[in-house]
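The chain contents come next:
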Amino acid sequence: MLWPMQVMLSSALHAQMLALAEAAHPHECCGLLFGDDGAIRRMQPVANVSDTPDRSFEIDPATLIAAERAMRQGGERLIGHYHSHPNGRAEPSPCDAASAAADGRLWLVIAGRAITGWRAQSAGALLGRFDPVDLVLAD
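Keep in mind that what you see is a predicted model, and the values were worked out from it rather than measured.

Engineer: For this particular structure, what's the right way to read the overall build of the protein chain?
Structural biologist: If you tally the helices and strands in the protein chain, you get 3 helices and 7 strands. Mapped in sequence order, the helices and strands of the protein chain form the string β-α-β-β-α-β-α-β-β-β. In terms of overall size, the protein chain behaves like a compact globule, its C-alpha atoms giving a radius of gyration of 14 Å where 139 residues would be expected to give roughly 14 Å. Seen through its principal axes, the protein chain has C-alpha atoms that stretch 35 × 30 × 30 Å. Taking all 139 residues of the protein chain together, 44% fall into the buried category. Just so you have it, the protein chain exposes about 6900 Å², and 54% of that area is on carbon and sulfur atoms. Of the side chains in the protein chain, 11 bear a positive and 16 a negative charge, and the two mean positions are spaced by 4 Å.

Engineer: How should I be thinking about the nonpolar core in this particular structure?
Structural biologist: The tendency in soluble globular proteins is for nonpolar side chains to be buried side by side. In terms of nonpolar packing, the biggest core is built from 17 residues, with M17, L33, I40, Y82, L106, L108 and I110 touching the most fellow members. Elements that contribute at least two residues to this core include exactly β1 (6-10), α1 (11-24), β3 (39-46), β4 (78-84) and β5 (106-111). Element by element, the count of residues in this core is highest for α1, at 4 residues. In this structure, I110 is in contact with M17, L18, A21, C29, Y82, H83, S84, H85 and I115, ignoring residues within four places of it in sequence.

Engineer: Honestly, the packing of aromatic side chains in this entry has me stumped. Any pointers?
Structural biologist: In the structure shown here, the tally under the stated rule is 2 aromatic pairs. Residues F57 and W107 carry aromatic rings whose centres are separated by 6.1 Å and whose planes lie at 80 degrees to one another, so their mutual orientation is edge-to-face. One end of the pair, F57, is in the loop between β3 and α2 (61-72); the other, W107, is in strand β5, with 50 residues separating them in the sequence. W107 shares its class with F57; the two are buried. Aromatic pair W107 and F130: ring centres 5.0 Å apart, planes at 70 degrees, arrangement edge-to-face. Of the two residues, W107 is situated in strand β5 and F130 in strand β7 (residues 128-138); the sequence distance between them amounts to 23 residues. Side by side, W107 and F130 carry an identical accessibility label, which is buried. One residue, R42, lies across the ring of F34, its end atom 4.5 Å from the ring centre.

Engineer: Can you walk me through unusual backbone geometry in this structure?
Structural biologist: Most peptide bonds are trans, and most residues other than glycine sit at a negative phi. The residue after H25, namely P26, is reached through a cis peptide bond having omega 15 degrees. The phi angle at L127 is positive, at roughly 60 degrees, despite the residue not being glycine. With respect to the helices, strands and loops of the structure, L127 is situated in the loop between β6 (114-124) and β7.

Calculation notes
Residues numbered from 1 in each chain as written. Predicted model: local features only at pLDDT ≥ 70, side-chain atom pairs only at ≥ 80, totals over all residues. Heavy atoms only, no water. Helix = DSSP H or I, 4+ residues; strand = E, 2+ residues; numbered from the N terminus. Rg over C-alpha atoms; globule rule 2.2 N^0.38 Å. Buried < 20%, exposed > 50% of the residue type's maximum accessible area, 1.4 Å probe, protein only. Areas by Shrake-Rupley, 256 points an atom, 1.4 Å probe, with all protein chains shown as cover. Lys, Arg positive; Asp, Glu negative; His and termini not counted. Charge placed at Lys NZ, Arg CZ, Asp CG, Glu CD. Core = buried A, V, L, I, M, F, W, Y, C linked by side-chain atoms within 4.5 Å. Contact = heavy atoms within 4.5 Å. Phe/Tyr/Trp six-rings, centres within 6.5 Å; stacked < 30°, edge-to-face > 60°. Lys NZ or Arg CZ within 6 Å of the ring centre and 35° of its normal.

Function-wise, these values are silent; they only describe arrangement.
The structure is reproduced here in structure tokens:
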């Protein structure tokens, strides 16, 4: 799965992710992203089951497995996930890079009022794991 350098994100989904990150503060929020190579069509908030939710995230494994299974059976395409950095920067952290599979999936990182897009891959420009993806806001 190779992402174009631009991915469309609706203004409504953008606002929803910012609100979820703000509501979760001081913990990290997280969720799944569905769509296609050119656009994020839907997001699904997911419980952060990390033992240290104030500084890391772990998507509920049962929810992730269910989304993967549904996709294999013809359901929506799971294209990535999002999470927040309540006290950090809107870019993947070294911890994110250590846990990211080089699978080409999209990672959105939220910090403050900013959301940035990244593609997880081997030999990425950031931390050897991520390449930037431009998010294009659409109505």
